[in-house]
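# Notes for the structure review
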Amino acid sequence: MKAWRLHAYHSPLRFEDVPEPQITEPTDVIVKIGGAGVCRTDLHLVEGVWAETLGTPLPHIIGHENAGWVAAVGSGVTEFRVGDPVILHPVISCGKCLSCRAGEDMHCENMRFPGLTVDGGYAQFIKTGERSLIRLEDHVRPDDVAPLADAGITAYRAVRKAAPLATPGTTVTLIGMGGLGHIAVQLMRELGSADILAVDTDRVRLDLALEYGADRGVLANHRTVEQVRDLTKGRGSDIIIDFVGTDQTHAEAMRMLRKGGTYFVVGYGGVLKAPSLDLINNEFNIIGNLVGNYTELYELMQLYARGKVRLHATKYELSDGWRVLEMLDKGQINGRAVLVP
Ligand SMILES: [Zn+2]
Ligand SMILES: [Zn+2]
């Protein structure tokens, strides 16, 4: 089959012929890729950001936002058949460790992560496990929903944690209206009752956020903090969800959070520094977020199937993979990009 593989960090992926994945364990499932979402984490992988943490074996097929059709099942698979349309929870979790038993797939002690630690979905086929599959409703196409497997679930987990705090009269500020942010706006509209401020450096993305349900768009500039404080009568934002995660957004968030407020960190790469005096004096809560669990992806797919959340995505041929990653790097992708074999 054709696949994009990473051979060396800091150099382009190669589009090449590789062997198709094979069933080796009873719970294995081979999925024919219908769509593979393109994610900033893929760029970070190429840059070697994850090299030490994950020890990804090279060459490696990247791609961790996958949906398609079941193509083959192991002897122990009971709930899925060849031809079923599915979206893949991004990790293969063991189902036996304490974290799995608590429903937290992302904390699995024996986790494999296709696209990060084992071969992923920039290919015609991918191998996963039965536990990772969610069957799609008949009217839902795999190539339409692939980015929900990571961008969507990650936005959903953060919003779901924040929603109980997003009571009437509160303000939630969403920083970054890209692939995750535009989904988060819709989810916050659906699950919370707060006023929603959308922050981005780009007018087009802010317009999209307003269309998706944000109450106000804040054009990010040197006065971002002042703008948010002005829009909250000087109090600051009760909730901030940061989909960017740079030194700058971390620092700004600490200056525009209301006393007792909660800062959800989703985007990553920067260093968050805050005087401990500010934390205790303002009773700030800071919460990290990593993708989401199986149930959260299931719930998100329920919302999608009912038309409660839309995905702004553009489809490209699988063979365009590297060009699309370069476009993402240059900020030329609006919403999300999907590779279709
Ligand atoms: Zn991702
Ligand atoms: Zn486990």
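Values in this document were obtained by computation on a predicted structure and should not be read as measured data.

### A closer look at the domain arrangement of the protein
Assigned domains of the protein: these are domain 1 (2–150 + 292–340) and domain 2 (153–288). For domain 1 versus domain 2, the distance between C-alpha centres works out to 28 Å. Of the residues lining the interface, 24 residues belong to domain 1; the matching set on domain 2 comes to 19 residues. For the pair domain 1 and domain 2, the summed buried area comes to about 2,000 Å², and 54% of that belongs to carbon and sulfur atoms. Its largest share of buried area at the contact with domain 2, domain 1 owes to Glu296, Arg310 and Asn334, together 25% of the area lost on that side. Viewed at the interface, domain 2 and domain 1 are joined by three salt bridges. For arginine 157, the salt bridge is made with glutamate 296, and the minimal N-O distance between the two is 2.9 Å. In this assembly, domain 1 and domain 2 are joined by 11 residue pairs in polar contact (both at pLDDT 80 or more). Listing elements by their share of the side of domain 1 that touches domain 2, those giving two or more residues are helix H1 (40–46) and helix H11 (294–305). When residues in the side of domain 1 that touches domain 2 are grouped by element, the largest group, five residues, is from H11. The residue makeup of the side of domain 1 that touches domain 2, split by class, is nine nonpolar, eight polar and seven charged.

### With respect to the coordination of the zinc ion (ligand 1)
Only Cys39 (SG), His64 (NE2) and Asp150 (OD) from the protein reach the zinc ion (ligand 1) as donors, at distances of 1.8 to 2.1 Å. Read in sequence order, the donor residues for the zinc ion (ligand 1) give the motif C-x24-H-x85-D. Here the residue cysteine 39 occupies a position in the loop between strand E3 (28–38) and H1, and aspartate 150 occupies one in the loop between helix H4 (142–145) and helix H5 (151–162), the gap between them amounting to 111 residues. By relative accessible area, which is 8% here, aspartate 150 ends up buried.

### Considering the pairing of strand E5 (residues 66–73)
As judged from the seven bridges shared by E3 and E5, these two strands associate in the antiparallel manner. Each residue of the ladder has a partner; that of glycine 35, found in E5, is alanine 67. Looking at chain direction, E5 and strand E6 (residues 85–88) are connected through three bridges and run antiparallel. Looking at the pairing, glycine 68 lines up with valine 86 of E6.

### Quick look at the sheet that holds strand E4 (residues 60–61)
Spatially, the three strands line up as an open sheet ordered E2-E1-E4, and their pairing is antiparallel. Every other strand in the sheet has two partners, leaving strand E2 (14–17) and E4 as the edge strands with one partner each. In this structure, strand E1 (residues 2–6) lies alongside E2, joined through four bridges in antiparallel fashion. Paired with tryptophan 4 across the two strands is phenylalanine 15, which belongs to E2.

### So, the pattern of salt bridges
One pass over the full model with this rule turns up 19 salt bridges. We note a salt bridge from arginine 157 to glutamate 104, for which the minimum N-O separation is 3.3 Å. Taken together, the residues arginine 157 in helix H5 and glutamate 104 in the loop between helix H3 (98–101) and strand E7 (125–129) connect sequence positions 53 residues apart. Taking the relative accessible area as the measure of exposure, arginine 157 reaches 9% and is therefore buried. It is possible to trace a salt-bridge network through shared partners that takes in Arg141, Asp143, Asp144 and Lys315.

Scoring rules and cut-offs
- Position numbers for residues count from 1 along each chain, tracking the sequence in the order it is written.
- Written order determines the labels here, with chains lettered from A and ligands numbered from 1.
- It should be noted that, the model being predicted, local features are given only for residues of pLDDT at least 70 and side-chain atom pairs only at 80 or more, the latter also being counted only at that level, while totals for whole chains, interfaces and linings use all residues.
- With hydrogens and water set aside, each side-chain value is computed from the structure's full complement of heavy atoms.
- Throughout, the edges of the domains are those of an automatic or database domain assignment.
- Throughout, a contact is declared for two residues whenever any of their heavy atoms are within 4.5 Å.
- As used here, buried area is the combined drop in accessible area, with a 1.4 Å probe, of two parts when they are placed together.
- Think of a salt bridge as a Lys or Arg side-chain nitrogen and an Asp or Glu carboxyl oxygen that are within 4 Å of each other.
- Any N or O atom pair separated by 3.5 Å or less is treated as a polar contact, with the protein-specific requirement of one donor-capable and one acceptor-capable atom, and with residues adjacent in sequence counted only for side-chain atom pairs.
- The secondary structure listing takes helices from DSSP runs of H or I that are at least 4 residues long and strands from runs of E that are at least 2 residues long, numbered from the N terminus.
- Residue classes follow a fixed rule: Ala, Val, Leu, Ile, Met, Phe, Trp, Tyr, Cys and Pro count as nonpolar, while Asp, Glu, Lys and Arg count as charged, and any other residue, Gly among them, counts as polar.
- Note on donors: an N, O or S atom is included if it sits within 2.8 Å of the metal, or within 3.2 Å for Na, K and Ca, and water is never included, so sites can look incomplete.
- Buried, partly exposed and exposed residues are distinguished by accessible area as a fraction of the type maximum, computed with a 1.4 Å probe on protein chains only: under 20%, between the cut-offs, and over 50%, respectively.
- Paired strands are those between which DSSP finds at least two bridges.

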